[in-house]
Amino acid sequence: RQMQTWIRFAEGWRIVAEFVDAGLSGTNDSRPEFQRMLTMAASDARPFDVVLVHSISRLARHLVILENAAEELERHGVQLASITQRFDKGPEGVLLRQIVGAFDPHQSRENAKHVARTMLENARQGFWNGSHAPYGYRTIVVEQRGAKLKKHLAIDPVEAEIVRLM
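Residues numbered from 1 in each chain as written. Predicted model: local features only at pLDDT ≥ 70, side-chain atom pairs only at ≥ 80, totals over all residues. Heavy atoms only, no water.

(A) How the structure looks around helix α4 (residues 63-75). Counted at 1.5 Å a residue, the expected span for α4 with its 13 residues is 18 Å, and the 18 Å between its end C-alpha atoms agrees. Of the positions making up α4, those classed as buried are I65, L66, E67, A69, A70 and L73. The elements touched by buried residues of α4 are α2 (32-42), β1 (50-53), α3 (56-59), β2 (79-82) and α5 (91-124). Of the residues one or two after α4, G77 is the one with positive phi, at around 75°. (Helix = DSSP H or I, 4+ residues; strand = E, 2+ residues; numbered from the N terminus. Expected span 1.5 Å × (residues − 1). Buried < 20%, exposed > 50% of the residue type's maximum accessible area, 1.4 Å probe, protein only. Contact = heavy atoms within 4.5 Å.)

What follows is the structure, given as structure tokens:
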């Protein structure tokens with residue numbers, strides 16, 4: 001929604017295609033929608049002049065993949081733009097994009113490290129980290145810390161009976 005608002009009000013562009021590789025890693029370029037975007041950009045019809053991303057890390061989390069895609073788009077007259085990062089046209093903009101692109105994988109690894117540490121500590125304290133409880137259990141809220149609800153697993157009596165029968 002943020003991108004749609006930005007497109008309509010900040011730039012006056014119109015959306016002609018959306019490319020979403022939900023749940024797939026930006027560390028490789030074998031994503032179906034990523035490839036479809038590059039194919040459309042290279043086609044004779046070229047239905048768009050700009051590929052807009054929230055941040056360039058949403059396009060690729062590997063500098064080589066990012067730069068290959070950016071060069072491919074540029075070769076076909078398609079601009080790469082971000083709503084959160086401004087890169088001037090010209091050599092300075094390319095350099096800045098490369099610097100940001102080089103830091104994105106590092107930031108991703110740092111985020112993963114912090115999430116893993118937090119989840120491990122949460123589990124060490126006896127709280128449930130998952131979203132849905134496994135069959136035979138339910139979650140119960142045992143504590144609230146700010147906006148965070150801390151949960152434990154508890155046996156679900158109805159499902160537990162089915163588990164016993166199995």
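(B) Representation of the packing of α2 against α4 within the structure. With their axes 9 Å apart at the nearest point, α2 and α4 run at an angle of 25° to one another. Taken together, the axis directions place α2 and α4 in an arrangement best described as roughly parallel. Seen from α2, the contacting residues are F34, M37, L38, A41 and A42; seen from α4, they are I65, A69, E72 and L73. (Axes fitted to C-alpha atoms, helices over the stretch in contact; angles between N-to-C directions. Parallel < 35°, antiparallel > 145°, perpendicular 65-115°, else oblique.)

(C) View of a nonpolar patch on the surface. There is a patch of nonpolar side chains on the surface, built from Y135, V158, I162, V163 and M166 and spanning about 530 Å² of accessible area. Take M166: it is sitting in the segment after α6 (157-165). Look at M166 and you get exposed, because its relative accessible area is 73%. (Patch = residues over 30% accessible without salt bridge, like charges linked within 9 Å, V, L, I, M, F, W, Y side chains within 5 Å. Areas by Shrake-Rupley, 256 points an atom, 1.4 Å probe, with all protein chains shown as cover. Salt bridge = Lys/Arg side-chain N within 4 Å of Asp/Glu carboxyl O.)

(D) Structural view of the packing of aromatic side chains. Scanning all chains against the criterion turns up two aromatic pairs. Between W6 and W13 the ring centres are 5.8 Å apart and the planes differ by 70°, which places this aromatic pair in the edge-to-face class. Judged by relative accessible area, which is 15%, W6 ranks as buried. Here W13 falls in the partly exposed class, since its relative accessible area comes to 29%. (Phe/Tyr/Trp six-rings, centres within 6.5 Å; stacked < 30°, edge-to-face > 60°.)

(E) Up close: unusual backbone geometry. Residues other than glycine seldom take positive phi values, yet R46 does so here, at roughly 25°. Along the chain, R46 turns up in the loop between α2 and β1.

(F) Spatial organisation of the layout of surface pockets. One number sums up the size of the largest pocket: a volume of about 1,000 Å³. Contributing to the lining of the largest pocket are 36 residues, with M3, E18, F19, L52 and V53 lying nearest its centre. If you list the elements that add at least two residues to the lining of the largest pocket, you get α1 (2-11), α2, β1 and α3. Looking at the lining of the largest pocket, its residues break down into 19 nonpolar, eight polar and nine charged. In this structure, the second largest pocket encloses a volume near 420 Å³. Per element, the largest residue contribution to the lining of the second largest pocket is four residues, and it comes from β2. Classifying every residue of the lining of the second largest pocket by side-chain character gives eight nonpolar, six polar and six charged. (1 Å grid on protein atoms, 1.4 Å probe; cavity = no way out; pocket = protein on both sides within 12 Å on 5 of 7 lines; lining within 4 Å. Points joined across faces, edges and corners; volume = space filled by probe spheres on them. Nonpolar A, V, L, I, M, F, W, Y, C, P; charged D, E, K, R; others polar.)

(G) Highlighting the pairing of strand β3 (residues 137-145). Where β3 lies against strand β4 (residues 148-155), eight bridges are found, and the strand directions are antiparallel. Note on β4: the bridge partner recorded for V141 is K151. Taking the residues between adjacent antiparallel strands as the criterion, β3 and β4 are bridged by two residues, where G146 takes a positive phi near 65°. (Pairing = 2+ DSSP bridges.)

(H) Up close: the packing of α4 against α5. α5 packs onto α4 with a crossing angle of 150° between their chain directions and a minimal axis gap of 9 Å. Looking at the two axes, α4 sits roughly antiparallel to α5. Seen along the crossing, α4 lies across α5 with a hand that is right-handed. Contact with α4, carried on its side by L63, L66, E67 and A70, involves V94, R97, Q98, G101 and A102 of α5 and no other residues of that element. Residues belonging to the contact of α4 with α5 are distributed by class as follows: five nonpolar, two polar and two charged. (Left-handed = near helix turned anticlockwise from the far one by under 90°.)

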